[in-house]
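# Examination of the molecular architecture
What follows is the residue order along each chain.
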Amino acid sequence: MTNHAKWAADIEETQGHKVNYPMIGDPTLEIAKLYGMLPAETGSTSEGRTAADNATVRTVFVVGPDKKIKLQLSYPMSTGRNFDEILRVLDSMQLTAKHKVSTPVNWKPGKM
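Owing to the predicted nature of the structure, the values given are computational and were not obtained by experimental measurement. Every chain begins its residue count from 1, and numbering advances along the sequence as written. Reporting of local features is limited, given that this is a predicted model, to residues whose pLDDT is at least 70; pairs of side-chain atoms are given and counted only at 80 or more, and all residues count toward the totals for whole chains, interfaces and linings. Hydrogens and waters are ignored; side-chain quantities use all the structure's heavy atoms.

## A look at the overall build of the protein chain
Using the following cut-off: Helix and strand labels come from DSSP, where a helix needs a run of H or I of at least four residues and a strand needs a run of E of at least two; each type is numbered from the N terminus. Classification of residues uses two cut-offs on accessible area relative to the type maximum, computed with a 1.4 Å probe and protein chains only: under 20% is buried, over 50% is exposed, and between them is partly exposed. Whether two residues touch is decided by their heavy atoms; if any such pair falls within 4.5 Å, the residues are in contact. For every accessible area listed, the method is Shrake-Rupley and the probe measures 1.4 Å; residues are considered covered only by the protein chains on display.
For the protein chain, the count of helices and strands is 3 helices and 2 strands. From first element to last, N terminus to C terminus, the protein chain shows the α and β order α-α-β-β-α. Its C-alpha atoms put the protein chain at 50 × 35 × 25 Å along the principal axes. Sorting the 112 residues of the protein chain into buried and exposed places 19% on the buried side. For the protein chain, restricting intrachain contacts to residue pairs at least 6 apart in sequence, the fraction spanning at least 24 positions comes to 10%. Looking at the protein chain as shown, the accessible area adds up to about 8,700 Å², and 56% of this sits on carbon and sulfur atoms.

Printed below as a string of C-alpha coordinates:
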(Lines give C-alpha, C1' and ligand atoms only; values in the text may rest on other atoms or scores of the structure.)
Protein backbone atom coordinates (compact mmCIF):
# COMPACT_ATOMS: atom_id res chain seq x y z
CA MET A 1 0.00 0.00 0.00
CA THR A 2 1.38 3.42 -0.94
CA ASN A 3 1.78 6.26 1.54
CA HIS A 4 -1.12 8.10 -0.08
CA ALA A 5 -3.35 5.04 0.19
CA LYS A 6 -2.42 4.75 3.88
CA TRP A 7 -3.15 8.45 4.38
CA ALA A 8 -6.53 8.14 2.61
CA ALA A 9 -7.44 5.12 4.76
CA ASP A 10 -6.45 7.03 7.90
CA ILE A 11 -8.62 10.01 6.90
CA GLU A 12 -11.59 7.73 6.27
CA GLU A 13 -11.09 5.91 9.58
CA THR A 14 -10.51 8.97 11.76
CA GLN A 15 -12.75 11.52 10.03
CA GLY A 16 -15.50 9.28 8.72
CA HIS A 17 -15.15 10.51 5.14
CA LYS A 18 -13.64 8.79 2.14
CA VAL A 19 -11.09 10.74 0.08
CA ASN A 20 -12.70 11.27 -3.32
CA TYR A 21 -10.18 13.63 -4.91
CA PRO A 22 -6.86 12.93 -6.62
CA MET A 23 -3.68 12.93 -4.58
CA ILE A 24 -0.42 13.28 -6.45
CA GLY A 25 2.69 11.57 -5.13
CA ASP A 26 6.09 13.03 -5.91
CA PRO A 27 8.62 10.35 -4.93
CA THR A 28 11.40 11.93 -7.04
CA LEU A 29 10.58 15.48 -5.84
CA GLU A 30 10.30 16.59 -9.47
CA ILE A 31 6.99 18.42 -8.99
CA ALA A 32 8.09 20.07 -5.73
CA LYS A 33 11.23 21.39 -7.42
CA LEU A 34 9.39 22.43 -10.60
CA TYR A 35 7.03 24.66 -8.60
CA GLY A 36 9.80 26.00 -6.37
CA MET A 37 8.57 24.28 -3.20
CA LEU A 38 11.97 22.70 -2.58
CA PRO A 39 15.44 23.83 -3.68
CA ALA A 40 17.21 21.96 -6.50
CA GLU A 41 19.86 20.59 -4.13
CA THR A 42 17.21 18.83 -2.00
CA GLY A 43 18.03 15.43 -3.45
CA SER A 44 16.11 13.07 -5.68
CA THR A 45 13.80 11.09 -3.41
CA SER A 46 11.05 11.66 -0.90
CA GLU A 47 12.07 8.54 1.04
CA GLY A 48 13.56 9.22 4.45
CA ARG A 49 12.50 12.86 4.54
CA THR A 50 11.05 14.17 7.78
CA ALA A 51 8.11 16.47 8.45
CA ALA A 52 10.56 19.36 8.84
CA ASP A 53 12.18 18.56 5.46
CA ASN A 54 8.84 18.50 3.68
CA ALA A 55 7.22 21.50 5.36
CA THR A 56 7.26 23.55 2.16
CA VAL A 57 5.44 20.80 0.24
CA ARG A 58 2.23 21.02 2.30
CA THR A 59 0.48 22.92 -0.44
CA VAL A 60 -2.95 22.34 -1.93
CA PHE A 61 -3.08 23.10 -5.65
CA VAL A 62 -6.29 23.61 -7.61
CA VAL A 63 -5.61 23.10 -11.31
CA GLY A 64 -8.23 24.26 -13.77
CA PRO A 65 -9.45 22.50 -16.90
CA ASP A 66 -6.97 24.68 -18.83
CA LYS A 67 -4.17 22.96 -16.84
CA LYS A 68 -3.22 26.24 -15.13
CA ILE A 69 -2.87 26.61 -11.38
CA LYS A 70 -5.88 28.55 -10.12
CA LEU A 71 -5.13 28.38 -6.39
CA GLN A 72 -2.31 27.50 -4.00
CA LEU A 73 -2.86 27.15 -0.25
CA SER A 74 0.18 26.34 1.88
CA TYR A 75 -0.17 25.06 5.40
CA PRO A 76 2.49 24.69 8.12
CA MET A 77 3.14 21.19 9.40
CA SER A 78 1.35 21.99 12.66
CA THR A 79 -1.90 23.02 10.95
CA GLY A 80 -4.39 20.71 9.28
CA ARG A 81 -5.91 21.61 5.95
CA ASN A 82 -9.29 23.32 6.07
CA PHE A 83 -11.40 21.21 3.71
CA ASP A 84 -14.46 23.42 4.22
CA GLU A 85 -12.47 26.37 2.89
CA ILE A 86 -11.09 24.35 -0.02
CA LEU A 87 -14.62 23.28 -0.98
CA ARG A 88 -15.88 26.87 -0.59
CA VAL A 89 -13.16 28.10 -2.94
CA LEU A 90 -13.92 25.37 -5.49
CA ASP A 91 -17.63 26.26 -5.41
CA SER A 92 -16.77 29.94 -5.87
CA MET A 93 -14.37 29.26 -8.71
CA GLN A 94 -16.93 27.13 -10.53
CA LEU A 95 -19.63 29.78 -10.07
CA THR A 96 -17.46 32.69 -11.17
CA ALA A 97 -16.19 30.74 -14.19
CA LYS A 98 -19.80 30.45 -15.43
CA HIS A 99 -21.12 33.88 -14.38
CA LYS A 100 -19.55 37.34 -14.26
CA VAL A 101 -19.79 37.66 -10.48
CA SER A 102 -17.47 37.77 -7.50
CA THR A 103 -17.98 36.05 -4.17
CA PRO A 104 -17.27 37.82 -0.87
CA VAL A 105 -15.34 36.57 2.12
CA ASN A 106 -17.05 33.60 3.79
CA TRP A 107 -19.47 33.20 0.87
CA LYS A 108 -21.36 29.91 0.86
CA PRO A 109 -23.23 28.39 -2.10
CA GLY A 110 -26.87 29.53 -2.11
CA LYS A 111 -26.12 32.61 0.03
CA MET A 112 -26.13 36.22 -1.11
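There is more to say, and it comes next.
## As for helix H1 (residues 3-15)
Definition in use: Each helix should span, by expectation, one fewer than its residue count multiplied by 1.5 Å.
For H1, spanning 13 residues, the distance from its first C-alpha to its last is 18 Å, which sits close to the expected 18 Å at 1.5 Å a residue. One or two steps after H1, the chain reaches Gly 16, where phi turns positive at roughly 75°.

## Regarding unusual backbone geometry
Within the chain, Leu 29 stands out as a residue other than glycine whose phi angle is a positive 65°. If you trace the backbone, Leu 29 turns up in the loop between H1 and helix H2 (30-34). Within the chain, Asn 106 stands out as a residue other than glycine whose phi angle is a positive 65°. As for its placement among the helices and strands, Asn 106 is situated in the segment after helix H3 (83-98).

## Some words on H3
Stated formally: The directions from the helix axis to the C-beta atoms form the arc being described. Polar contacts, as counted here, are pairs of nitrogen or oxygen atoms within 3.5 Å of one another; within protein the pair requires one atom able to donate a hydrogen and one able to accept it, and residues that are adjacent in sequence qualify only if both atoms are side-chain atoms.
The first and last C-alpha atoms of H3 sit 23 Å apart over 16 residues, in line with the 22 Å expected at 1.5 Å per residue. The set of residues buried in H3 consists of Ile 86, Arg 88, Val 89 and Ser 92. The arc that holds the buried residues of H3, viewed along the axis, is 160°, so those residues lie on one side. For H3, exposure combined with an orientation more than 90 degrees from the buried face picks out Asp 84, Gln 94, Ala 97 and Lys 98. Here the buried face of H3 lies against strand E1 (59-63) and strand E2 (69-74). Here H3 starts with a cap whose side-chain oxygen sits 3.1 Å from the backbone nitrogen of Asp 84, and that cap is Asn 82.

## What about the side chain of Arg 88?
Within the secondary structure layout, Arg 88 lies in helix H3. Relative accessible area serves as the criterion here: at 15%, Arg 88 is assigned to the buried category. A distance of 2.8 Å separates polar atoms of two side chains, one belonging to Arg 88 and the other to Glu 85. With residues up to four places along the chain from it excluded, the contact list for Arg 88 reads Pro 104, Asn 106 and Trp 107.

## Some thoughts on the pairing of E2
As a reminder of what qualifies: Paired strands are those between which DSSP finds at least two bridges.
Bridge analysis of E1 against E2 gives 5 bridges, and the strand direction is antiparallel. Bridging across to E2, Val 60 finds its partner in Leu 73. Where E1 folds back on E2, the antiparallel hairpin that results is connected by 5 residues, among which Lys 67 adopts a positive phi of roughly 65°.

So far we have only geometry, and geometry alone does not tell us how the molecule works.
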